Amino acid sequence: MANPPHYLAHRKSWNSWNTSNVKDGNRPSETAVEDMFIRQFMRGTWHNLFVSEVIIKRQHNIIRIAGIITRSIAPYKIYFLTGYTEELLSYWLQCPIKIELVTTDSKKDVVFKYI
Amino acid sequence: MIVGGVDPHLRSVRLLEKPIPHEKLCRELIRLQSTTASSTSSSDIYIPNRIERSPTDILKALESTISRDYTAPHYKFHDDPYLTPLSKSQIRNYALAKESGKKTAMWIREEHHNLFQHKVADPEIKAFVPPPIYTEESKVTEETLLYEISNAHVSNSVSIYNLLKGEVTIPTKQALLELLCFYNHDEPANVELLESRWFQLREKRIKNTWISRPEIDILFQFLKEQEPAVAAAAYNAMICGLAKYYNGDKVWHMYKECQENNIPLCIEAYNGIISMVSILREGEDKTKSLITDIYKAMATNGITPNIHTFNAALSATSMLKNKRIILDLTCNIFADIAKFKLKPTLTTYYYVLRILNKFDDAAYTPFIKILKSLKEETLTIQNAKDLYFFFVAMEMASKQLCERQAGEMVNELLLSGDNYKFIGDSYKESLYYRAYLELILATEEFETFYKIYSKLVPHVTIPEPSVMKAMLETLQLYPAETAIQYIPKLWSHMIMFNHLDTQYLLESILHLMSVHCKPVSDSSLNAQFAEIALIIWDHIQTQNAKKIQHIIMSNTIVGNIIVLLLRGGNFDKVKEILSLLIESPHLIVGILMEDYVHEIFELCLAQAHTPIIFSLLEYITSNHLEGAGEMARKLEKTISLTPTQKDMLINLVGNDILELQLSNELNEAK
């Protein structure tokens, strides 16, 4: 998070993984807008839960949304939100969506550097 | 031909491109020589035929390279310590919570279907598009109705039919009648909601659940007035539907009507009628004649029976009670199956198992024969009852035959190929594994059992309290050294699977620790056991604090807890427990047994812990138990008491006992 863009691939990785922006890539602008939409959606639906960036990975027609969340709500609620997000986003983006989560006890676990 | 990947000639040319030191060249040449020599020996190269691969073959090949992780949860859960379910109820809750989220999303799409009309996917994917809603304004045709019927949307089909005011062709009316008869009052289950189906408890009782809907009656009345072929099809649909929802009387009525009017029925309708024979309850002897009558009717109409006909007949047979009639009928049915060269399905064998169930040990040989013949077949699902086979087979192997080999054969059959789909639902799966674990426990050494147990638990199944109880009871039959190894493992599982509220399990494990595996007094195990006892006591107290109705513990549980705590040296807690027992004796069933009281006394006396002895004496006197006087005397003899303590003792047991003792001592002195 605390790295400027030119450190991409050096000190941090990409937040969106897709091949839209290679030469003759498919739907570059649509992909960018959809990724923005997904991030907004995740921020709103998983309110105050994500402690990492929302990572969006696209392979063929599957979109995998990954990230680290805190354990501040009960596990069954996390499962509810997973089912809800996967289904609703796949209606919206019309392709299969998968949520890949890792949980952590406190926000501090993902802070690696203080400025 | 190029052999060994690279042409030796080419290789030597390439070698000449760069100047190479002499030595290196020599080595290279020797190497080349050896490769050519080895490859000429197998000069004939066989090029295999191309193998047709399916799109998922590469995934299957990859999957076969990884072994199963027995510590991971089912793949539908997140592999994260916080999100891993630990008990049966959690498995159910989490899986259904996820599905509930899915349903919520479906509901939102239905409520705001106008917002989901955008088209991103090309070509369009039907599953992502909101389902159409039919109102007064929507333009519908017969095609729309046929489309909805083919997708099995009952309510949509009915509303379109009403919008069309019933003006459709006869084949469409027949299709709608068939749809309504098949689903009657319920909508077809959504195939996407797997978890709801997996955890659903199905109605086991056979009872009439047919609801007569006006649409069905109107359609049927109309169709049966038409030409004979149409009327026959309508009767077939009605009989099949009524039989599916167990409306025996109406099925029989229609069957008679068809016979009177010479209406030809199809094989499915006959199968439905045969399956109703047991519901009509006409008496044992009549079953056989009824089935024979139907067979005759089929023969005169030129209908060839299929395997489902005989399955239905077997189902009627399995309901009978007279063993002679059952054997007779079953033999006839199997002769017929052989005569028509039909292949028995899992359902056939399920009913055979139900029949064999009545024959105790004699069932063994046919049971093994069935398993052997099934082993050679690839099973396909043909009937809803197919899902009952495996758990019934395992229960038979476990309870009726108690034969490890038979159980292992069933398990092998279940795990071979993709037979696991026949396990049915979560309820049947847990019945299956309960029977399997109990069978192994009863027939094998505990060590072997535990190896199998740790592969299944918690990866595949979670043991029910009854299985846990059987395990603890079996451990009591083993010498203490063996049993001690397993106590911590089982205890951690009991905590994990929430078994702390089950009293008989607590009783068993406490008995194991305090009586069966009693450690020597200076063993470190005492402290560990005391810790377990403390956890149990604290758990019960927190439960009591939460609930209005208190848990009433058995006296052996409390006795064992106190003894274990004392052996582990936790005197403060024992004092607390005893004073609680004196204050509220209603918390335990009965009173502490004499053995425990004595052991508690001896343990305290050895440690010279007078406060607990006083509490114990108070408990004894308040409950009018015997032995207080003797204990008091012993206490006074062993430990020198202060005057206040002596006063307390006199208050508790009365002066006469102590004085008696004093006078005895005086007499002895004289």
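Rules used in this analysis
Residues numbered from 1 in each chain as written. Chains lettered and ligands numbered in written order. Predicted model: local features only at pLDDT ≥ 70, side-chain atom pairs only at ≥ 80, totals over all residues. Heavy atoms only, no water. Phe/Tyr/Trp six-rings, centres within 6.5 Å; stacked < 30°, edge-to-face > 60°. Helix = DSSP H or I, 4+ residues; strand = E, 2+ residues; numbered from the N terminus. Buried < 20%, exposed > 50% of the residue type's maximum accessible area, 1.4 Å probe, protein only. Core = buried A, V, L, I, M, F, W, Y, C linked by side-chain atoms within 4.5 Å. Domains from an automatic or database assignment. Contact = heavy atoms within 4.5 Å. Buried area = accessible area lost by both parts, 1.4 Å probe. Salt bridge = Lys/Arg side-chain N within 4 Å of Asp/Glu carboxyl O. Polar contact = N/O pair within 3.5 Å; in protein donor to acceptor, adjacent residues only side chain to side chain. Nonpolar A, V, L, I, M, F, W, Y, C, P; charged D, E, K, R; others polar. pLDDT = per-residue confidence, 0-100. Pairing = 2+ DSSP bridges. Axes fitted to C-alpha atoms, helices over the stretch in contact; angles between N-to-C directions. 1 Å grid on protein atoms, 1.4 Å probe; cavity = no way out; pocket = protein on both sides within 12 Å on 5 of 7 lines; lining within 4 Å. Points joined across faces, edges and corners; volume = space filled by probe spheres on them. Patch = residues over 30% accessible without salt bridge, like charges linked within 9 Å, V, L, I, M, F, W, Y side chains within 5 Å. Areas by Shrake-Rupley, 256 points an atom, 1.4 Å probe, with all protein chains shown as cover. Disulfide = S-S within 2.5 Å. Expected span 1.5 Å × (residues − 1). Arc of directions from axis to C-beta.

Details of the packing of aromatic side chains
At step 1: Applying the stated rule across the entire model yields 32 aromatic pairs over all chains.
At step 2: Judged by centre distance (6.4 Å) and plane angle (25°), the ring pair of Tyr 432 of chain B and Tyr 436 of chain B falls under stacked. Residue Tyr 432 of chain B and its partner Tyr 436 of chain B are located together in helix H20 (residues 426–443), separated by 4 residues, close to a single helical turn.
At step 3: Relative to Tyr 486 of chain B, the ring of Tyr 450 of chain B has its centre 5.2 Å away and its plane inclined at 55°; by these criteria the two rings are tilted. One end of the pair, Tyr 450 of chain B, is in helix H21 (residues 446–456); the other, Tyr 486 of chain B, is in helix H23 (residues 480–496), and 36 residues separate them in sequence. Each of the two residues, Tyr 450 of chain B as well as Tyr 486 of chain B, counts as buried.
At step 4: Joined through ring pairs, the aromatic side chains of Phe 37, Phe 41, Phe 80, Tyr 84, Tyr 91 and Trp 92 of chain A together with Phe 116 of chain B make up one cluster.

Details of the nonpolar core
At step 1: If you look at the biggest cluster of nonpolar residues, it comprises 179 residues, and the most contacted ones within it are Leu 177, Phe 367, Phe 389, Phe 446 and Ile 562 of chain B.
At step 2: Two domains share this core, each providing at least three of its residues, namely domain 2 (450–518) and domain 3 (536–669) of chain B.
At step 3: With sequence-adjacent residues up to four places away left out, Phe 446 of chain B is seen in contact with Leu 441, Met 471, Thr 474, Leu 475, Tyr 478, Tyr 486 and Leu 490 of chain B.
At step 4: One finds Tyr 79 of chain A together with Met 106, Phe 116 and Phe 199 of chain B within the second-largest nonpolar core, a separate group that totals 35 residues.

Topic: the interface of chain B and chain A
At step 1: Residue-level contacts link 28 residues of chain B with 28 residues of chain A.
At step 2: Carbon and sulfur atoms make up 66% of the surface buried where chain B meets chain A, a total of about 2,500 Å² over both sides.
At step 3: Counting across the chain B and chain A interface gives 0 salt bridges.
At step 4: On inspection of chain B and its partner chain A, the count reaches 9 residue pairs in polar contact (both at pLDDT 80 or more).
At step 5: In the side of chain B that touches chain A, the residues fall into 16 nonpolar, 5 polar and 7 charged.

Considerations on the environment of Met 42 of chain A
Residue and element names in this part refer to chain A.
At step 1: Along the chain, Met 42 falls in helix H1 (residues 28–45).
At step 2: Distance from Met 42 to Lys 108, taken between C-alpha atoms, is 21 Å for residues 66 residues apart in sequence.
At step 3: Here Met 42 is in contact with Phe 50, Val 54, Ile 65, Thr 85 and Ile 99, once residues within four sequence places are set aside.

Section: unusual backbone geometry
All names here are of chain B.
At step 1: Following Asp 122, the chain continues to Pro 123 via a peptide bond in cis, the omega torsion being 0°.
At step 2: Position of Pro 123 among the secondary structure elements: in the loop between helix H4 (88–111) and helix H5 (142–150).
At step 3: With a phi angle near 50°, Cys 402 is a residue other than glycine that sits in the positive phi range.
At step 4: Positionally, Cys 402 belongs in the loop between helix H18 (389–401) and helix H19 (404–415).
At step 5: Located in the positive-phi region is Asn 498, a residue other than glycine, with phi close to 65°.
At step 6: Its location among the elements puts Asn 498 in the loop between H23 and helix H24 (503–516).

Comments concerning the confidence of the model for chain A
At step 1: Scored by pLDDT, chain A comes out at a mean of 91, with 97% of its residues at no less than 70.
At step 2: The least confident element of chain A, judged by mean pLDDT, is strand S1 (residues 16–17) of chain A at 93; the most confident is helix H2 (residues 75–93) of chain A at 96.

Concerning the side chain of Gln 400 of chain B
All names here are of chain B.
At step 1: You can see Gln 400 is positioned in helix H18.
At step 2: Assessed through its relative accessible area of 16%, Gln 400 is described here as buried.
At step 3: Among the polar contacts listed, one links the side chain of Gln 400 to the backbone oxygen of Asp 360, at a separation of 2.8 Å.
At step 4: Ignoring any residue separated from it by four or fewer positions in sequence, one finds Gln 400 in contact with Leu 356, Asn 357, Phe 359, Asp 360, Asp 361, Ala 363 and Glu 395.

Re the sheet that holds strand S4 (residues 97–104) of chain A
Residue and element names in this part refer to chain A.
At step 1: The 4 strands lie next to each other as S1-S2-S3-S4, forming an open sheet whose pairing is mixed. Looking at strand neighbours, the two that pair on one side only are S1 and S4, the edges of this open sheet.
At step 2: Relative to S4, strand S3 (residues 62–70) is paired through 8 bridges, and the arrangement is parallel. The partner of Ile 65 across the bridge, within S4, is Ile 99.
At step 3: Relative to the sheet, H2 contacts S3 and S4, its axis offset from that of S4 by approximately 150°.

Focus on empty space enclosed by the protein
Residue and element names in this part refer to chain B.
At step 1: In the structure shown here, the tally under the stated rule is 1 cavity of 30 Å³ or more.
At step 2: In this structure, the largest cavity is lined by Lys 88, Ser 430, Tyr 433, Arg 434, Leu 437, Thr 461, Ile 462, Pro 463, Glu 464 and Val 467.
At step 3: Of the residues forming the lining of the largest cavity, the biggest block, 4 residues, is contributed by H20.
At step 4: Residues of the lining of the largest cavity, tallied by class, amount to 5 nonpolar, 2 polar and 3 charged.

Some points on a nonpolar patch on the surface
At step 1: On the surface, Phe 37 and Trp 92 of chain A together with Leu 115 of chain B cluster together into a nonpolar patch covering about 270 Å² of accessible area.
At step 2: Tracing the chain through its elements places Phe 37 of chain A in helix H1.
At step 3: Given a relative accessible area of 33%, Phe 37 of chain A falls into the partly exposed group.

Things to note about the domain arrangement of chain B
Residue and element names in this part refer to chain B.
At step 1: One can read the domain layout of chain B as domain 1 (82–116), domain 2 (450–518) and domain 3 (536–669).
At step 2: The C-alpha centroid of domain 2 is placed 35 Å from the C-alpha centroid of domain 1.
At step 3: The interface is formed by 4 residues belonging to domain 1 together with 5 residues belonging to domain 2.
At step 4: Buried surface at the junction of domain 1 and domain 2, both sides included, amounts to about 410 Å², of which 57% is carbon and sulfur.
At step 5: Taken together, domain 1 and domain 2 are joined by 1 salt bridge.
At step 6: Linking Lys 88 and Glu 464 is a salt bridge whose minimum nitrogen-to-oxygen distance equals 3.6 Å.
At step 7: Taken together, the connections running from domain 1 to domain 2 amount to 1 residue pair in polar contact (both at pLDDT 80 or more).
At step 8: Of the residues assigned to the side of domain 1 that touches domain 2, the class counts are 2 nonpolar, 1 polar and 1 charged.

What about the state of the cysteines?
Working definition of a disulfide: a covalent bond connecting the sulfur atoms of two cysteines.
At step 1: Applying the stated criterion across every chain yields a total of 0 disulfides over all chains.
At step 2: Among the cysteines around Cys 240 of chain B, which has no disulfide bond, Cys 266 of chain B carries the closest sulfur, lying 5.2 Å off.

Quick look at the side chain of Thr 309 of chain B
At step 1: Relative to the elements of secondary structure, Thr 309 of chain B occurs in helix H14 (residues 307–318).
At step 2: Excluding anything up to four places from it in sequence, Thr 309 of chain B contacts Ile 267, Asn 271, Ile 274, Tyr 295 and Met 298 of chain B.

Points about helix H27 (residues 571–583) of chain B
Residue and element names in this part refer to chain B.
At step 1: Helix length check: H27 (13 residues) gives 18 Å between terminal C-alpha atoms against 18 Å at 1.5 Å per residue, within 8%.
At step 2: Every buried residue of H27 is accounted for by Phe 571, Lys 573, Val 574, Ile 577, Leu 578 and Leu 581. Projected down its long axis, H27 carries its buried residues within an arc of 155°, all on one side. Exposed and facing more than 90 degrees away from the buried side of H27 are Asp 572 and Glu 583.

Describing the environment of Leu 603 of chain B
Residues and elements named next belong to chain B.
At step 1: Within the secondary structure, Leu 603 sits in helix H28 (residues 594–607).
At step 2: Owing to a relative accessible area of 23%, Leu 603 belongs among the partly exposed residues under this scheme.
At step 3: Spatially, the C-alpha atoms of Leu 603 and Arg 567 are 7.4 Å apart, while their sequence positions differ by 36 residues.
At step 4: Those residues in contact with Leu 603 that sit more than four places away from it in its chain are Val 563, Leu 566 and Arg 567.

Topic: the pattern of salt bridges
Any two side chains of opposite charge can pair, on the condition that their charged atoms come close.
All names here are of chain A.
At step 1: Tallying each qualifying case throughout the model produces 28 salt bridges over all chains.
At step 2: Linking Arg 58 and Asp 35 is a salt bridge whose minimum nitrogen-to-oxygen distance equals 2.7 Å. Of this pair, Arg 58 sits in strand S2 (residues 55–59) while Asp 35 sits in helix H1, placing them 23 residues apart in sequence.
At step 3: With relative accessibility at 17%, the residue Arg 58 sits in the buried group.
At step 4: Among the charged side chains, a network of salt bridges with common partners joins Arg 27, Glu 34, Asp 35 and Arg 58.

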